[in-house]
Every structure is written in structure tokens, then in C-alpha cells.
Amino acid sequence: MALGWVPNIPGDPFLRHSILIAASVAALFLAPQAPAQDKKTDAAAEKGEEKADLPPLPADKTIGQTAMIGGKPIRYQATVGKLPVYDAKGKKIGEVVYTAYVVPGGGPQRPVTFAFNGGPGASSVYLNLGAIGPKRVQFGDKGDAPSDAPLLVDNPASWLDMTDLVFIDPIGTGFSRSLVDEAATKKAFYANEPDIKYLSRIVYDWLVKNERLRSPKFLMGESYGGYRAPRIAYELQTQLGVGVNGMVMVSPYLDPAATAGSDALSPLPWMIALPSMAAGHLERQGKLTPQAMAGVEAYTRGAFATDLLAGRSDPQATARLSAKVTELTGLDPQLVRRLDGRIDEGTYLREVHRDDGKIGSVYDSNVDAFDPFPNSAERKSGDPILEGIIAPTTSAMVDFITREVGWKTGAQYNALSYSVNAAWDRGTPDDAPVSELRKAVANDPKMGVLIVHGYNDLSCPYFGSRLIIDQMPRFGVEQRVKLGVYPGGHMFYARRASAEAFKADARALYVR
């Protein structure tokens, strides 16, 4: 793999690629149900080794707003609030800040959706101000720039006309914060298992605080949030006694185990990535259609996998594979042949735009930026999308919270926290999200699931989810777990047509 692109490192690709690139350039809670801290951490807490000099966060604040959604004015209440996190001994060790949009008078049958982004280390601002919240700021598409004015406008594709919305910022993101020292913070918050425990409890606590336990409940997770969503659903269902009516996973990091092994043998990493590379090439030609992609998928499942496994034992297989991959990706045939048709994401993103002196984004290969070091043998730049979204989303969210809502704080807002991602204990890659998705769906015959992707996303390619769904049981009904794929990349909702198609598919999940 090219330097800085190591897809087998566990963790959400939403941050891991850029952290590795940055490193090469610079030379980068516990809920009451969670396990108790070890003796050393407990002793530190008993000595009062909390974070010092943290001013209190403001009290919850609510304002009334209106937005045009689906062609109609929707009046709603926007709330910025906080919920405490306690350890097993009842000591407050963290505060989670959320943003909620509620349409008054909806009654107990009004659905409520809890949304999480990923990283780990990403706040929920991307789903909030980009995808389904009542207001949006433009980011993440071709032509968008960090210096664009961070102005919020009504989001016609918002979901607020069919569900109330609660956007949750995990500890270390947004304004959410730990109240204990660094070692205790990492143990309590920055690991796969405690993350699920305390965030599940936050969902439960919001429902109790707002008297919404009777409401239909939905979970949405993007990227690593897609790792969280099925696990939180199962935790709520089996440990906290809260049923979940449906889940929506956006560009999910769903099965770390699928690509965590050696590229030396498994064809899966190459198979999962190829259709998204082909989609990028087809889009540049103006030929991207579901029918064209069906042919790509059929080839990937069949002749591509067979020729990959044959390897150099069959020179004709390697030649066939290289010729077809050249056709599908639009890359230089000599380069493809030299790599035996095995094209990693980094090579694709640099080579496909090399003639223009640009480099593509792993989150959408057709969103590019000038390569600051085009003559370097190695990539030395960050990701065009990742480095372009922090400014508009941070400025827009802080302005909304502090000026519009009036929730005043001098703390720093972390839209993306590299330090949280670097500190994260990822454990051993496994298929926990898929396993717990299966169990949660099997337990509840009324639960629906929608998994959605953008065609061009190479950080969490859609074909991985396609293969996972095809291996699932039917659960008694055809397509209990559905897949939607739209033009665009990781944040396909940056394109208005894709955002509207996404909402149309989701409506079937909510209105049943």
C-alpha cells in the first residue's frame, strides 16, 4: 500500500487515513452498566484528580425556529443541552452535549431519532448541518472551500417533518467533555466497549428526561457511527430495556474484520474497493447508472475474484484481470499491469488525477484538490474533503449554538478531534456490529434497517455492505435490511438530489 494509506488499520476510515498522512508529513463514563475502573484509576479519582479549572457548562437553552422542509413551514424547538455521565460508583466523570430539534404537539407517537457521527473523534455536526437537520451549511462537494461563508439555510431534505432529531456529540467532540484525568478518560470513553455503554445510557437518559419512552425510536450512525448504531440498538434492547424501531447506517464502518487480515491472500479488500473506483470513472465519463454498476458488481463477484485467487500461477488470469481493471478505472494500463491489477485506494486517488496536478479524496474520488507536492514519489498532502469541512462546519455550529440559541461557552468546539482518534483503543477487529445487528433484528420482527452509501466512497466502500447484506438471513421478510446507494461519496448528502433520494428511501422505514 502507498504511504499513508493503510486500510487494514482498525478504526473508522473517516479519520484514520488523514492521521496517517499527517504523521508521515510531520514525522499524528462509564455508564453504571460499564465495568468498574481499575484500582489505580479509582485511587486517582478518590484523590480528586479531576480536570481542574473547567468552568461549568451553561444550563440547557431552547429557542423557537421555523424552516421550510418539503415545501412546508415547520415550526420547532431547538435545544442545546447536556447530560451527565457517571461511573460505576456514581461519580460524575463526563458531560455529553446534544442538540435536539422537536416539533411541539407531536404526542407519544411522534418518532425520535438519535444521530451519531464517527471518527472516532467526530462530532454530530455533519449529520446535523449536512444531512437531516432543519438547517444546513454547504460542505463536502466539488467546488466547496474552507473559506466559504458558513451561512445556515433551510434544509429542504431535513427529516424533521417525519421525526424529532437528537444529535449527540461523544466525549471529546463538540463541547462534550471528560471530567477526569487523561488515563481515566481513555479508559472510560476512548475504547469500543465503554463507548457503546455510555452512549446507550445517554439515549436512555434523554428519553427519560424528555418523557419520550413511548415514542417510536430510531438510531442513525455515519461512518464509525455505523459501527455504533447496531451495537447501541442491541445494548438498549437487551440491557436498558428500550426497544428500537429502526436503524439507519450512513456510509458505515460495519465490519472491521473484513479487511483487517493480510492482503496477501484474501480477495475481499480488492473486491470491496473496485466497484467504487469504477463508479468514480463512470461518473467522470457521464455514464454512472445503476445498470452500469450492476455489471461491475457481477464482474467483481465472478471473474475478478477468480482471477485474483489464481494469481501468478495463471499468467492469462493476471493479464485478463489487469486489462479489465484498466477499463474499469481509467488508469494507465502499464501501471495496472505492473501492479497485477491490484489497485489500492492511495494509488487510484493520486494517479487518476495526476495529469491535472490534483489528488482525489478518499471520501469521494471526484472531489479533488491541487497536489502541493506533485513531483513527490509519495503523497504529502491531507485529504481534500477532510481538510475542507472543518472550517465551515465548526464556524456554522458554534455560531448557531452561541449566537442563535444563546448557549454561551468559551470552550473550544471539536468538529473533528485527532487527539481522540489517536487515543482510541480499537481492540481486536471483529464483526461485532454485524453480529449485533443480526441479533437485534432477529429479536424484533418489527425493526427495519436501512444501510446507505455513496458510490464514490473509498473509505467505507458500498460493496462491502452489499456483500454483508447478501450473507444475512431473510428474518422472515424480504429485505428486512435494505441497501441504498446514491451518486456521491462518504457524505453523498452534500448533493441535493442524493439527499432527497435518501430521505425518500428512509420515509418507508418511518411510515409503516
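Residues numbered from 1 in each chain as written. Predicted model: local features only at pLDDT ≥ 70, side-chain atom pairs only at ≥ 80, totals over all residues. Heavy atoms only, no water.

### Points about the overall build of the protein
Counted only if it meets this: We count a stretch as a helix when DSSP gives it H or I for four or more residues in a row; a strand needs E for two or more, and each element gets its number in order from the N terminus. Exposed residues in this analysis have more than 50% of their type's maximum accessible area, buried residues have under 20%, and partly exposed residues fall in between, with area computed by a 1.4 Å probe over protein chains only. Computed with the Shrake-Rupley method and a 1.4 Å probe, the accessible areas treat only the protein chains shown as cover for residues.
Within the protein one finds 16 helices and 14 strands. For the protein, the proportion of its 512 residues judged to be buried stands at 57%. With an accessible surface of roughly 20,300 Å², the protein has 53% of that area assigned to carbon and sulfur atoms.

### Observations concerning the side chain of Arg 426
Condition: Counted as positive: Lys and Arg. Counted as negative: Asp and Glu. His and the chain ends are not counted at all. Any carboxyl oxygen of Asp or Glu that lies within 4 Å of a side-chain nitrogen of Lys or Arg is treated as forming a salt bridge with it. Polar contact criterion, stated in full: a pair of N or O atoms within 3.5 Å, where within protein one must be able to donate a hydrogen and the other to accept it, and residues adjacent in sequence count only if both atoms are side-chain atoms.
Within the fold, Arg 426 resides in the loop between helix 13 (418-423) and helix 14 (432-443). Buried and unpaired, Arg 426 has no salt bridge, with Asp 425 as the nearest side chain of opposite charge at 7.6 Å. A distance of 3.3 Å separates the side chain of Arg 426 from the backbone oxygen of Trp 424, its partner in a polar contact.

### Topic: the environment of Ser 498
Examined against the element boundaries, Ser 498 turns out to sit in helix 16 (residues 496-510). Classification of Ser 498 by relative accessible area gives buried; the value is 4%. Ser 498 sits 44 residues away from Gly 454 along the chain, and the two C-alpha atoms are 8.6 Å apart.

### Regarding the packing of helix 3 (residues 125-132) against helix 12 (residues 386-405)
Selection rule: Think of each axis as a best-fit line through the C-alpha atoms, taken over the contacting stretch in the case of a helix, with angles from 0 to 180 degrees between the N-to-C directions. Oblique is the label for any angle not covered by the other classes, which are roughly parallel (under 35 degrees), roughly antiparallel (over 145) and roughly perpendicular (65 to 115). The contact rule is simple, with two residues in contact once any of their heavy atoms fall within 4.5 Å. Residue classes follow a fixed rule: Ala, Val, Leu, Ile, Met, Phe, Trp, Tyr, Cys and Pro count as nonpolar, while Asp, Glu, Lys and Arg count as charged, and any other residue, Gly among them, counts as polar.
For the pair helix 3 and helix 12, the least separation of the axes is 10 Å and the interaxial angle reads 90 degrees. What the angle tells us is that helix 3 and helix 12 run roughly perpendicular. On helix 12, the residues touching Val 125, Tyr 126, Asn 128 and Leu 129 of helix 3 are Ile 389, Thr 393, Ala 396 and Met 397. Classifying every residue of the contact of helix 3 with helix 12 gives six nonpolar, two polar and no charged.

### A word on the environment of Leu 213
As for its placement among the helices and strands, Leu 213 is situated in the loop between helix 5 (192-209) and strand 9 (217-222). Owing to a relative accessible area of 42%, Leu 213 belongs among the partly exposed residues under this scheme. Here the alpha-carbon distance between Leu 213 and Val 112, two residues 101 residues apart in the chain, equals 9.9 Å. If sequence neighbours within four positions are ignored, Leu 213 has contacts with Leu 207, Val 208 and Val 242.

### Focus: the nonpolar core
Convention followed: Throughout this description, the term nonpolar core refers to a set of buried Ala, Val, Leu, Ile, Met, Phe, Trp, Tyr and Cys residues connected via side-chain atoms within 4.5 Å.
In terms of nonpolar packing, the biggest core is built from 89 residues, with Tyr 126, Trp 159, Met 220, Val 250, Phe 304, Tyr 493 and Phe 502 touching the most fellow members. Top element by residues in this core is helix 7 (residues 268-285). It accounts for nine residues. In contact with Trp 159, other than residues within four places in its own chain, are Ile 132, Leu 165, Met 220, Val 248, Phe 502, Lys 503, Ala 506 and Tyr 510. Residues Val 96, Val 112, Ala 188 and Val 434 belong to the second largest nonpolar core, which totals 53 residues.

### Observations regarding helix 12
Which entries qualify depends on this criterion: To estimate how far a helix should extend, the number of its residues minus one is multiplied by 1.5 Å.
If you check helix 12, its first and last C-alpha atoms are 27 Å apart, about what 20 residues at 1.5 Å a residue would give, namely 28 Å. Taken as a whole, helix 12 has its buried residues at Leu 386, Gly 388, Ile 389, Pro 392, Thr 393, Thr 394, Ala 396, Met 397, Phe 400, Ile 401, Thr 402 and Val 405. At the C-terminal side of helix 12, Gly 406 shows a positive phi close to 85 degrees.

### Brief notes about the pairing of strand 7 (residues 164-168)
Put simply, the rule is: We treat two strands as partners when DSSP finds at least two bridges between them.
In terms of residue burial, strand 7 counts as a mostly covered element, since five of its five residues are buried. In this sheet, strand 7 lies alongside strand 4 (residues 112-116) in parallel orientation, the contact comprising four bridges. The residue bridging Thr 113 from the neighbouring strand is Leu 165, located in strand 7.

### Some words on unusual backbone geometry
Where the residue is not glycine, phi is negative for most of them; where a peptide bond is considered, it is trans in most cases. Of the consecutive residues Gly 119 and Pro 120, the connecting peptide bond is found in the cis state with omega at -10 degrees. Mapped onto the secondary structure, Pro 120 falls in the loop between strand 4 and helix 3. Of note in this structure, Glu 211 is not a glycine but carries a positive phi near 55 degrees. Within the element layout of this structure, Glu 211 appears in the loop between helix 5 and strand 9. According to the relative accessible area criterion, Glu 211 is exposed, its value standing at 71%. The phi angle at Ser 223 is positive, at roughly 60 degrees, despite the residue not being glycine.

### Thoughts on the packing of helix 8 (residues 290-310) against helix 9 (residues 315-329)
Basically, it comes down to this: Two helices that cross are described as forming a left-handed crossing if the nearer one is turned anticlockwise from the farther one by less than a right angle, and a right-handed crossing if clockwise.
Direction vectors running N to C along helix 8 and helix 9 enclose 145 degrees, while the axes themselves pass 9 Å from each other. With respect to the hand of their crossing, helix 8 and helix 9 are arranged in left-handed fashion. Contacts from Val 296, Tyr 299, Phe 304, Asp 307, Leu 308 and Ala 310 of helix 8 reach helix 9 at Ala 317, Arg 320, Leu 321, Lys 324, Val 325 and Leu 328. Across the contact of helix 8 with helix 9, the residue classes break down as nine nonpolar, no polar and three charged.

### Looking at the packing of aromatic side chains
The condition that has to hold: Planes of paired rings set the category: under 30 degrees apart is stacked, over 60 is edge-to-face and the rest tilted, where pairs are Phe, Tyr or Trp rings (Trp by its six-membered ring) whose centres lie within 6.5 Å. The rule for a charge over a ring is simple: NZ of Lys or CZ of Arg within 6 Å of the ring centre, and within 35 degrees of the ring normal.
Enumeration over the complete set of coordinates arrives at 22 aromatic pairs. Ring plane angle 85 degrees and centroid distance 5.6 Å describe the contact between Tyr 455 and Tyr 462, whose orientation is recorded as edge-to-face. In this pair, the class of Tyr 455 matches that of Tyr 462, namely buried. Aromatic side chains Tyr 462 and Phe 463 sit 6.2 Å apart centroid to centroid with 75 degrees between the ring planes, which places their arrangement in the edge-to-face category. Considered together, Tyr 462 and Phe 463 belong to a single accessibility category, that of buried residues. Through successive ring pairs, a cluster of aromatic residues spans Trp 159, Phe 218, Tyr 486, Phe 492, Tyr 493, Phe 502 and Tyr 510. The ring of Tyr 299 has Lys 324 lying over it, and the distance from NZ or CZ to the ring centre is 5.6 Å.

### A closer look at the pairing of strand 10 (residues 246-250)
Burial analysis of strand 10 places five of its five residues in the buried class, the great majority of the element. Burial along strand 10 is two-sided: the face carrying Gly 246, Val 248 and Val 250 and the face carrying Met 247 and Met 249 are both buried. Of the pairings in the sheet, the one linking strand 9 to strand 10 comprises five bridges and is parallel in character. Bridged to Gly 221 within strand 10 is Met 249.

### Things to note about the side chain of Thr 173
Here Thr 173 is to be found in the loop between strand 7 and strand 8 (177-178). In this structure, Thr 173 is in contact with Gly 121, Ala 122, Ser 123 and Asn 414, ignoring residues within four places of it in sequence.

### Some details on the environment of Ala 501
Looking at where Ala 501 falls in the secondary structure, it is placed in helix 16. What makes Ala 501 partly exposed here is its relative accessible area of 30%. A C-alpha to C-alpha distance of 7.7 Å links Ala 501 and Tyr 486, two positions 15 residues apart in sequence.

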